[in-house]
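Here is what each chain is made of, one letter per residue.
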Amino acid sequence: MLFSEAAEYFAKIEAEASRLAMSAIVAELLGKCNQEEAKPLIYIIEGNIAPAYEGLDVGIGEKLAIRAISQVSGRVDAQVAADYKRSGDLGSTAEFFLSKRQQTSLSSSPNELLRVYATFLKISRMSGSGSQDSKISLLSELLNGATPLEAKYLVRFCLGKLRLGVGDPSIIDALSMTKHGDKKDKLILERAFNLCSDLGTVAEHYIAGKDLSHFSTQPFKPIRPALAERLPDAAQIVEKLGGKCAVEAKYDGLRMQIHLEGGKVEIYSRKLEKMTHMFPEITEAAAALKAKSAIFEGEALAYNVKEKKYYSFQETIQRKRKYGIEKMSADFPLRLFVFDIMFLDGKDLTLLPYSSRRKTLEKMTVNNPVLLPSVQIITDSPNKLEEFFQQSIAAGLEGIIAKDLTQPYVAGARKFAWIKLKKSYGAMADTIDAVIIGYYLGKGARQEFEFGGLLTAVLNDETNELESIAKIGSGFSEDEMRTFESMLDKIKMKKKPKGVVSKLTPDFWVKPKYVITVAADEITLSPMHTCGLVGETGYALRFPRMMSLRDDKGPNEATTTKEIISLFEIQRKRSA
Ligand code: AMP
């Protein structure tokens with residue numbers, strides 16, 4: 001397949017607002033490619049050159065791209081830069097200059113999709129002196145053989161700004177459509193994806209006709225994390241779990257998924273980013289385990305050795321940093337409360353019941369000073385559960401998570417295998433993790449700041465859209481206002497980002513990137529917001545205030561519309 005053909009489809013996808021229609025276009029595109037092309041094509045559609053957890057980017061910045069565009073179009077850099085200033089999109093600028101080109105280079109031939117992908121991979125591996133010229137020349141070669149439309153997407157892609165707005169669920173639907181014309185294989189595809197977080201590989205297997213029901217976990221392919229449901233009280237939790245259940249302390253720290261094989265260790269965040277180098281003490285403790293290979297999960301908290309107590313989330317989160325790691329690890333050493341194990345010594349454990357996974361993890365962590373099993377009781381008594389919950393709150397923890405002892409590890413899904421009970425905020429049973437979609441300028445006493453509040457949204461995971469839920473004007477310290485001002489200024493957007501649904505228009509839209517934890521008095525119904533919209537009415541937060549910036553979460557990890565509706569139901573039952 002030629003990249004120019006794919007580019008025609010990208011343009012169609014970009015112009016399409018409906019998720020289903022987008023999936024149909026992706027399915028048509030996938031139907032045109034051969035087996036080898038499916039995997040790179042999926043990565044490209046997602047805007048990456050490898051699964052997102054690899055964190056690889058092409059490594060071409062705007063300056064290099066401007067050089068390449070000017071070389072190919074016979075202009076000077078300043079002309080290209082000036083047009084970019086006007087258009088705000090270097091891809092459109094490339095399209096414009098290539099369309100004005102007198103003739104294409106004689107030596108150029110059309111770009112095959114696989115060649116484009118191989119070239120981007122090659123560029124991403126280049127570093128050191130002289131690499132810049134090589135990068136420019138490789139990109140120029142691609143642009144030389146490109147149609148103007150193709151150039152637009154090549155440039156956007158290598159800058160990491162393809163943003164077609166096609167999420168993982170739409171690609172999963174599209175894959176199923178290639179075989180059945182509908183979503184028949186959605187569940188089986190979803191399961192495979194949840195176990196490896198690599199849609200490219202899933203697509204490769206699926207299109208080759210392999211049986212995905214045997215897909216299993218593998219070290220260094222992060223598993224999409226299991227998530228917890230909520231219920232209003234201890235009695236309902238015990239009833240839902242059918243009697244005897246595990247009740248564990250809910251630690252408020254950093255979730256970590258540790259992979260280990262042959263002495264090599266990787267640590268993945270909840271967003272599935274590699275963060276191994278940030279936590280040397282956890283890496284060492286994992287490497288010292290007797291296991292030949294393992295995947296396990298836990299919540300890490302910073303420990304105050306002198307006072308023999310755990311630090312708060314705010315202190316723990318400081319450990320998530322790029323520099324000064326040694327000092328931080330000495331000042332705020334981490335302990336990991338291990339709460340699940342999904343793989344051990346070559347065997348996938350995800351299908352075993354929790355009771356037996358727990359036994360395995362207890363054995364693995366016996367007498368380990370850094371990797372400790374999460375504190376747990378087994379009970380079928382609502383009173384015991386309530387007592388454990390109150391003790392946990394008194395000890396400064398967030399609450400508890402009750403677990404179904406019979407359930408497998410439910411990767412990537414919020415199911416009743418885990419049920420959380422957290423300390424209440426006002427009438428609400430939980431805080432909310434909302435995505436910042438825009439911000440307002442300062443008014444009155446805040447005029448000295450360019451920042452006067454946030455517009456936030458939650459994720460509708462069925463439509464993959466962000467639906468507005470709260471305008472937040474309080475809870476910010478002056479320092480935080482300054483931080484937000486500079487952080488958000490860098491990701492301002494000229495128009496409402498694709499996939500954002502909002503009736504309100506902030507002073508500035510921003511790229512949905514940052515997640516904040518928000519507390520509020522209650523969830524109300526409101527004509528102003530689009531969360532869970534029925535007719536003209538959506539859900540909103542009453543007296544929302546910012547609690548903290550959630551560096552460990554991205555838009556895909558935000559609270560979902562479904563969760564807001566279930567929180568609203570819990571609130572209604574509590575006040576009845
Ligand atoms: P949520 O993310 O709101 O669905 O709640 C589950 C989160 O609680 C997980 O993402 C973990 O980071 C955290 N957590 C803390 N303690 C535990 C535990 N004992 N078992 C499972 N998750 C835990």
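Residues numbered from 1 in each chain as written. Predicted model: local features only at pLDDT ≥ 70, side-chain atom pairs only at ≥ 80, totals over all residues. Heavy atoms only, no water.

Student: Tell me about the pattern of salt bridges, and please be specific about residues and values.
Tutor: Opposite charge on two side chains permits them to pair, given that their charged atoms come into close proximity. Tallied over the full model, the rule gives 42 salt bridges. A salt bridge links Glu 398 to Lys 250; the nearest nitrogen and oxygen atoms lie 2.7 Å apart. Note that Glu 398 is positioned in the loop between helix H18 (382-394) and strand S11 (399-403) and Lys 250 in strand S2 (residues 245-250), a separation of 148 residues in sequence. In this structure, Glu 307 engages Lys 309 in a salt bridge whose closest nitrogen and oxygen atoms are separated by 3.4 Å. Given the relative accessible area of 47%, Lys 309 is considered partly exposed. Residues joined by salt bridges that share partners form a network here, namely Arg 230, Lys 250, Glu 398, Arg 414, Lys 420, Lys 422, Asp 430 and Glu 563. (Salt bridge = Lys/Arg side-chain N within 4 Å of Asp/Glu carboxyl O. Helix = DSSP H or I, 4+ residues; strand = E, 2+ residues; numbered from the N terminus. Buried < 20%, exposed > 50% of the residue type's maximum accessible area, 1.4 Å probe, protein only.)

Student: Help me get a handle on the site of the ligand, residues and values and all.
Tutor: Around the ligand sit 14 residues in total, of which Arg 255, Arg 270, Glu 299, Lys 403 and Lys 420 are the nearest. A distance of 3.2 Å separates an oxygen atom of the ligand from a polar backbone atom of Ala 228. In the environment of the ligand, a nitrogen atom lies 3.1 Å from a nitrogen or oxygen atom belonging to the backbone of Ala 249. Considering the ligand on its own, with 480 Å² of exposed area, one finds that the protein chains cover 94% of that surface. Among the residues making up the shell around the ligand, the classes are represented as 6 nonpolar, no polar and 8 charged. (Near = heavy atom within 4 Å. Polar contact = N/O pair within 3.5 Å; in protein donor to acceptor, adjacent residues only side chain to side chain. Areas by Shrake-Rupley, 256 points an atom, 1.4 Å probe, with all protein chains shown as cover. Nonpolar A, V, L, I, M, F, W, Y, C, P; charged D, E, K, R; others polar.)

Student: Help me get a handle on helix H6 (residues 90-99), residues and values and all.
Tutor: When H6 is considered as a whole, its buried residues turn out to be Leu 90, Gly 91, Thr 93, Ala 94, Phe 97 and Leu 98. End-on, the buried residues of H6 take up no more than an arc of 160°, which puts them together on one face. Backbone nitrogen of Gly 91 and a side-chain oxygen of the N-cap are separated by 2.9 Å at the start of H6; the cap is Asp 89. (Arc of directions from axis to C-beta.)

Student: Can you explain the packing of H6 against helix H9 (residues 148-158)? Please cite residues and give values.
Tutor: Taken N-terminus to C-terminus, the directions of H6 and H9 make an angle of 150°; their axes are 7 Å apart at the nearest point. It follows from the interaxial angle that H6 and H9 lie roughly antiparallel. The element H6 and its partner H9 pack so that their crossing is right-handed. From H6, Leu 90, Gly 91, Ser 92, Ala 94, Glu 95, Leu 98 and Ser 99 reach across to H9, where they touch Pro 148, Leu 149, Ala 151, Lys 152, Val 155 and Arg 156. (Axes fitted to C-alpha atoms, helices over the stretch in contact; angles between N-to-C directions. Parallel < 35°, antiparallel > 145°, perpendicular 65-115°, else oblique. Left-handed = near helix turned anticlockwise from the far one by under 90°. Contact = heavy atoms within 4.5 Å.)

Student: Explain the domain arrangement of the protein chain to me, and be specific about the residues and the numbers.
Tutor: When cut into domains, the protein chain gives domain 1 (228-422) and domain 2 (432-575). Summarising the inter-unit geometry, the C-alpha centres of domain 1 and domain 2 are found 29 Å apart. Contacts between the two partners involve 15 residues from domain 1, matched on the other side by 13 residues from domain 2. Of the roughly 1300 Å² buried between domain 1 and domain 2, counting both surfaces, carbon and sulfur atoms make up 50%. If you sort the residues of domain 1 by the area they bury against domain 2, Arg 230, Arg 270 and Lys 271 come out on top, with a joint share of 44%. Taken together, the connections running from domain 1 to domain 2 amount to 2 salt bridges. The salt bridge involving Glu 563 is made with Arg 230; its shortest N-O contact spans 2.8 Å. Linking domain 1 to domain 2 there are 3 residue pairs in polar contact (both at pLDDT 80 or more). Counting only elements with at least two residues in the side of domain 1 that touches domain 2, the list comes to helix H15 (313-316) and strand S12 (414-422). (Domains from an automatic or database assignment. Buried area = accessible area lost by both parts, 1.4 Å probe.)

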